[in-house]
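Here is what each chain is made of, one letter per residue.
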Amino acid sequence: MSIRHFRTLLDLSPQEIKSLIRRASELKALVRSDTAHALFPNKVLGMVFEKSSTRTRVSFETGMAQFGGHALFLSPRDTQLGRGEPIADSARVISSMVDILMLRTFEHEKLETYAANASVPVINALTDLYHPCQLLADLQTFAEHRGDISGKTVAWIGDGNNMCNSYINAARQCDFELLIACPPGFEPLAELCEQNRDRVRIVRQPEDAARGAHLLVTDVFASMGQEDEQATRLKKFAGYQINRELLAVADSSALVMHCLPAHRGEEITADVLDAEDSVVWEEAENRLHAQKALIELLLTQ
Ligand code: CP
Ligand code: NVA
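Residues numbered from 1 in each chain as written. Chains lettered and ligands numbered in written order. Predicted model: local features only at pLDDT ≥ 70, side-chain atom pairs only at ≥ 80, totals over all residues. Heavy atoms only, no water.

Draft legend 1. Highlighting the site of ligand 1. Taken together, the residues surrounding ligand 1 are Ser53, Thr54, Arg55, Thr56, Arg104, His131, Gln134, Cys259, Leu260 and Arg287. The backbone of Thr54 places a nitrogen or oxygen atom 2.7 Å from an oxygen atom of ligand 1. Here a nitrogen atom of ligand 1 sits 3.0 Å away from a polar atom, N or O, in the main chain of Leu260. Expressed as a share of its isolated accessible area of 260 Å², the protein-covered part of ligand 1 is 95%. In the shell around ligand 1, the residues fall into 2 nonpolar, 5 polar and 3 charged. (Near = heavy atom within 4 Å. Polar contact = N/O pair within 3.5 Å; in protein donor to acceptor, adjacent residues only side chain to side chain. Areas by Shrake-Rupley, 256 points an atom, 1.4 Å probe, with all protein chains shown as cover. Nonpolar A, V, L, I, M, F, W, Y, C, P; charged D, E, K, R; others polar.)

Structure representation (structure tokens):
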């Protein structure tokens, strides 16, 4: 049987995503009740990080520890990965020793090359184009607070980046409408928008996206690798902010999400992010539970 990878949300069926989210909540309950669940003793996850991370590293590493397995942190700085060893060779060698691999990198093609050459499942832990692991946590968070997301409206406010592209895939897989408010020149992948034009629409005014929405989501204006553009992006994204005024036009039950790290006062105001009923912190915690459900699915295929 061919190896299952998790390169984008499209690698799972809509039904698998639903079951995975349910399982993530079950695993969360096991952690909360301090119930041991060492389901994968001696299994090893190789984690290749070519970009920085807090949540992703901590969640994958902790998840493997709770499963009774082990996680290996590999960075280009201290391995041959940073000295030009071909990606295909690295993928082949690392996957011959570990049971599952995770990669955070720049070019999405690199992730594809890893997957094509690895003998174990490869998980996309963020590329310039997609961040599907974060979507699993976001979908879990929505399900836990508001139930089924199908038929709902989601507003993406800000950059049409890797998170936004993943939201388009989520709209398709989970059957919701997605309104994206971004400035001209910062749209998500054109091909993805075209393929999903029945449920995805780009607007220019944040209010036009947020009106009546059940979920408002944003992310930083400058992603990793775009640090040099921070100042110009700050100007171009002026007004693309989740704040109390924007929230006021959304549905009264609307949740606000942010994958973090956040820049308070830029894409989101501190009062919204730090509100007593903010689910952003639980969204971050759910990375742990959702990824454990993903690891379980991929290791038991
Ligand atoms: N949201 C997220 O992926 O955070 P890190 O960059 O800290 O892993
Ligand atoms: N869009 C952000 C997400 C960080 C988790 C980035 O790629 O830097």
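Draft legend 2. Main features of the packing of aromatic side chains. Enumeration according to the criterion identifies 6 aromatic pairs in this entry. Aromatic pair Phe40 and Phe67: ring centres 5.0 Å apart, planes at 85 degrees, arrangement edge-to-face. Taken together, the residues Phe40 in the loop between α1 (14-32) and β1 (44-49) and Phe67 in the loop between α2 (55-66) and β2 (70-74) connect sequence positions 27 residues apart. Like Phe40, the residue Phe67 is buried in the burial classification. (Phe/Tyr/Trp six-rings, centres within 6.5 Å; stacked < 30°, edge-to-face > 60°. Helix = DSSP H or I, 4+ residues; strand = E, 2+ residues; numbered from the N terminus. Buried < 20%, exposed > 50% of the residue type's maximum accessible area, 1.4 Å probe, protein only.)

Draft legend 3. Structural context of the site of ligand 2. In the region of ligand 2, the neighbouring residues are Leu126, His131, Asn161, Asn162, Asp219, Ser223, Met224, Cys259 and Leu260. Taking Met224, its main chain carries an N or O atom lying 2.8 Å from an oxygen atom of ligand 2. Contact with the protein chains covers 94% of the free accessible surface of ligand 2, which is 270 Å². Among the residues forming the shell around ligand 2, the class breakdown is 4 nonpolar, 4 polar and 1 charged.

Draft legend 4. Highlighting the nonpolar core. Ranked by size, the top nonpolar core spans 55 residues in total, and within it Ile123, Tyr167, Phe176 and Leu178 carry the most contacts. Residue contributions to this core peak at 7 residues, all from helix α6 (residues 162-174). Ignoring anything within four residues of it in the chain, the contact list for Phe176 reads Leu139, Ile149, Gly151, Lys152, Val154, Tyr167, Ala170, Ala171 and Arg199. Ranked by size, the runner-up nonpolar core spans 26 residues in total, among them Ala181, Ala213, Val272 and Val280. (Core = buried A, V, L, I, M, F, W, Y, C linked by side-chain atoms within 4.5 Å. Contact = heavy atoms within 4.5 Å.)

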